[in-house]
Amino acid sequence: MKKYLLYPGCSMDSSAKAYMESLNSIVEPLDLQLEEIRDWNCCGATEYLGINLIPAYSLIARNLALASKQVDGTRTVVAPCSACYLNLAKADYYMQERPSLGVKVNDALSAGGLEYKAGSLDVRHLIDVLVYDVGLDAVRAKVVRPLSGLKVVPYMGCMLPRPDYQHRWSDHEHPTELDDLLRALGADVIDYPLTTECCGGHMTQIGPETAFELIRRLVSDADERGAHLMATVCPMCQMNIDAYQNETNHFFHTNYHMPVLFFTQLMGLAFGKEPGELGIGLELVSARNALANIGIEVPVTQEPAAPRKKDEGLPMPRRWTKHEAKKEAVK
């Protein structure tokens, strides 16, 4: 049995719940043991590093420090989320590359009785472990329901293959790891030049028009190539393309219906698991019709979400009038 330390990240219990459910369903068939890092905390996603460097790296490195105390038969930390993987790998790399940063981060960690020796752990993404440790032959051997006839575009996203600190990926622009894994499941993998293009990230909250254009490009290209669905490795990519596809359609007056599933969900299906065990049906753009192409029936669980109305968004600050400001100042 291959053992790893698991850093799940915040999304696996919320927006990417289906990712966690499907991951749990494939560990036993593949003889994997994933031991969750105890008392882990949020990695800070992407924004915090642009606000305050030392606290941001300290927040990330705390997880590495906790993992280093939990080492027992493995020194490899596995992160299913691309943003989490990038942050953990980045913190480990820069604490080695810039010793002064490592000193400052460890000074912050010492307040909690922790320390991390940069380079003492091996940080890897889940798909890297599945392709290169478990191996495609072992994955193929567990397939009892080949996904033959299911036309899938492999979407890696922009955060996973670059920057590639440890030179793990086959190519920075067109990595083949996801393609190869999907083929091992029997799926009809469609060549997808946009596999590492950005989904917009948090631009859905900052500049929706920009985000909608990025999502439209990804979905329209997949649709034009005849894909039944998109497979991804990243919770943010899945959430953006799934949750904002209706709004993108509304914005561009299009009518795309492109389901986005996690690659682990497709692995579970190929291993003979039922859709309900894999979180299939939780997606907003239903995969029901796509999976019907290969005879897999998905129970009806919910109706597709309608575009969000403008007045349902987050409350925004309002500029006071001079009269209101003077009145408040007198209080």
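Residues numbered from 1 in each chain as written. Predicted model: local features only at pLDDT ≥ 70, side-chain atom pairs only at ≥ 80, totals over all residues. Heavy atoms only, no water.

### Observations concerning the overall build of the protein
What the protein contains, in helices and strands, is 13 helices and 8 strands. Taking 20 Å as the expected radius of gyration for a compact globule of 331 residues, we find that the protein reaches 21 Å, a close match to that expectation. Split into buried and exposed, the 331 residues of the protein put 51% on the buried side. Of the roughly 15,800 Å² of accessible surface on the protein, 51% is carried by carbon and sulfur atoms. Treating the 33 positive side-chain charges of the protein as one cloud and the 42 negative ones as another, the clouds have centres 7 Å apart. (Helix = DSSP H or I, 4+ residues; strand = E, 2+ residues; numbered from the N terminus. Rg over C-alpha atoms; globule rule 2.2 N^0.38 Å. Buried < 20%, exposed > 50% of the residue type's maximum accessible area, 1.4 Å probe, protein only. Areas by Shrake-Rupley, 256 points an atom, 1.4 Å probe, with all protein chains shown as cover. Lys, Arg positive; Asp, Glu negative; His and termini not counted. Charge placed at Lys NZ, Arg CZ, Asp CG, Glu CD.)

### Regarding the sheet that holds strand β4 (residues 122-125)
Within a sheet, each strand pairs with its neighbour through backbone hydrogen bonds, oriented either parallel or antiparallel. Read across the sheet, 4 strands follow the order β2-β1-β3-β4 without closing on themselves; strand pairing throughout is parallel. Strands with a single pairing partner mark the edges of an open sheet, and in this sheet they are β2 (32-36) and β4. Between one strand axis and the next, the sheet turns by 40 degrees as a mean value, whatever way the strands run. Note: strand β1 (residues 2-6) against β2, 5 bridges, orientation parallel. Within β2, the residue paired with Leu 5 across the bridge is Glu 35. Against the sheet, helix α5 (residues 126-141) makes contact with β1, β2, β3 (76-79) and β4, and its axis sits at roughly 95 degrees relative to β4, the strand it touches most. (Pairing = 2+ DSSP bridges. Axes fitted to C-alpha atoms, helices over the stretch in contact; angles between N-to-C directions. Contact = heavy atoms within 4.5 Å.)

### With respect to the pairing of strand β5 (residues 151-155)
Counting buried positions along β5 gives 4 out of 5 residues, so the element sits mostly inside the fold. As judged from the 2 bridges shared by β5 and strand β6 (residues 188-189), these two strands associate in the parallel manner. Bridge pairing in β6 links Val 152 to Val 189. Tracing the backbone out of β5, into helix α6 (residues 177-184) and back to the parallel element β6 gives a crossover that is right-handed. (Right-handed = clockwise from strand over helix to strand, strands pointing away.)

### Observations concerning the sheet that holds strand β7 (residues 229-232)
Pairing within the open sheet is parallel, and its 4 strands lie in the order β6-β5-β7-β8. Two strands lie at the open edges of the sheet, namely β6 and β8 (260-262), each paired on one side alone. Sheet topology places β5 next to β7; 4 bridges connect them, and they run parallel. For Pro 154, the partnering residue across the bridge sits in β7 and is Ala 231.

### Section: the side chain of Asp 128
Within the fold, Asp 128 resides in helix α5. Among the residues examined, Asp 128 registers a relative accessible area of 2% and is labelled buried.

### Overview of the nonpolar core
Side chains of nonpolar character tend, in soluble globular proteins, to be buried together. One finds Leu 185, Met 230, Phe 263, Leu 266 and Met 267 to be the most contacted residues of the largest nonpolar core, which totals 107 residues. Once residues within four sequence positions are removed from consideration, Phe 263 is found in contact with Tyr 19, Leu 126, Ile 127, Leu 130, Leu 178, Leu 181, Thr 232 and Val 233. (Core = buried A, V, L, I, M, F, W, Y, C linked by side-chain atoms within 4.5 Å.)

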